[in-house]
Amino acid sequence: MTLAPTIDPATASAHRRRNRLHTVLLGIGAMALLAVTAWSLDGWRGVLWAAFGGAMSMMLAARMSADMVLRLYGAREMTPASFPEAHRIVRLLSERAGLASMPRLYRVPSRMMNAFSAGTRENSVICVTDGLLARMAPREFVGVMAHEIAHVAHEDIHVMAMADVVSRMTGVMSLLGLLLALVNLPAMIEGGTAVPWATILLLMVAPSVGTVLQLALSRTREYEADLGAAALTGDPEGLALALQKLERIQGRMWEAALPQGARIPDPSILRSHPGTEERVRRLRSLQAAPGRWLDTGAMPHVAGHSPVPAVGAPRRRLRGLGAWY
């Protein structure tokens, strides 16, 4: 993806180098943890079995089509006739991202504000909930779509699938090792053999460390998708505003479900997404010319024409979607 003229190239390049370095280090760390766990279980033979199991799991994950995700969420396709502006914007962003074909658009009947992508660069989908469609302003909506297209262009779905496989394999190896140690512990004690406490400790903490590495990798890929979205639109502020709105509204919705006075715990190390404040700070640091947007002929939403169907009071019909909200 080439940088839009409203993005500061030096800042964007620095962010990109940091994101890529973090991705490489976290990926190596996760695979090294799996290798050490497998080696402690059965030496080099355990490492080979872990590699074989991971490869087979990745092959199975690659065969899972986006259609399975759509069925899971009950998603319904948004046709060009029902939502023409969104299709035009996604098509333009897909061309800028270098995708061979634009992702198919689907809506998910949910009041939660969310959007996610699935599939591959050649065959991908973007799902948007009714809640997000109802509340996002045009500029914010474009930023969210660019973020999801950046995920597709960066093949983050494959990256996170690999991280998930490595994390799960680490958990399996750890569990097997602990079971074997438990079974053989009486024999080791009776025979006077030293108990490998260091190995047992490693097997105990490996799954937690693997999960932390996986979550850290997910946060890094979110930063990279934010950068990619800013490069596609030339408008980092649009995505920043969308993130702030998501934090404000979703936070209220979750806190309303908790007992009075309770707060949602926010241990940053256990989040799959980075903190909104840091994401917004990074996005705004990219702006080279505040207030300057892309050409209005290229981006219809800049000219003031909303790609988002108008929404009235609850139980009114979302025009263009043909669904109740």
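Details of the structure are given in the entry above.
Residues numbered from 1 in each chain as written. Predicted model: local features only at pLDDT ≥ 70, side-chain atom pairs only at ≥ 80, totals over all residues. Heavy atoms only, no water.

A. Examining the overall build of the protein chain more closely. Within the protein chain, the secondary structure is distributed over 9 helices and 6 strands. In the protein chain, once contacts between residues fewer than 6 apart in sequence are set aside, the share between residues at least 24 apart is 74%. Counting only carbon and sulfur atoms, one obtains 62% of the accessible surface of the protein chain, whose full area is about 16800 Å². (Helix = DSSP H or I, 4+ residues; strand = E, 2+ residues; numbered from the N terminus. Contact = heavy atoms within 4.5 Å. Areas by Shrake-Rupley, 256 points an atom, 1.4 Å probe, with all protein chains shown as cover.)

B. Structural view of the nonpolar core. Within the largest apolar cluster, 38 residues are counted, with the highest numbers of intra-cluster contacts made by Leu-132, Phe-141, Met-145 and Ile-149. Elements with a contribution of two residues or more to this core: helix H3 (84-97), strand E4 (124-129), helix H4 (130-135), helix H5 (138-153), helix H7 (197-233), helix H8 (236-256) and helix H9 (276-285). Here this core gets 8 residues from one element, more than from any other, and that element is H5. Look past the residues within four positions of Ile-149 in its chain and what remains in contact with it is Val-90, Leu-93, Ser-94, Ala-97, Leu-99, Pro-103, Ile-126 and Leu-232. If you look at the next biggest cluster of nonpolar residues, it comprises 16 residues, including Ala-30, Val-47, Val-166 and Met-169. (Core = buried A, V, L, I, M, F, W, Y, C linked by side-chain atoms within 4.5 Å. Buried < 20%, exposed > 50% of the residue type's maximum accessible area, 1.4 Å probe, protein only.)

C. Representation of the pattern of salt bridges within the structure. Under the defined criterion, the tally for this structure stands at 12 salt bridges. Where Arg-284 meets Glu-237, a salt bridge forms, and the shortest distance between an N and an O atom there is 2.9 Å. You can see Arg-284 sitting in helix H9 and its partner Glu-237 sitting in helix H8, a full 47 residues away along the chain. Glu-237 sits in the partly exposed class, given a relative accessible area of 21%. Here Arg-282 makes a salt bridge to Glu-278, at a shortest N to O gap of 2.9 Å. Placement of the pair is Arg-282 and Glu-278 together in helix H9, with a separation of 4 residues, close to one helical turn. Because the salt bridges share partners, they merge into one network encompassing Glu-222, Asp-226 and Arg-279. (Salt bridge = Lys/Arg side-chain N within 4 Å of Asp/Glu carboxyl O.)

Such coordinate-based values are descriptive only and should not be taken to indicate function.
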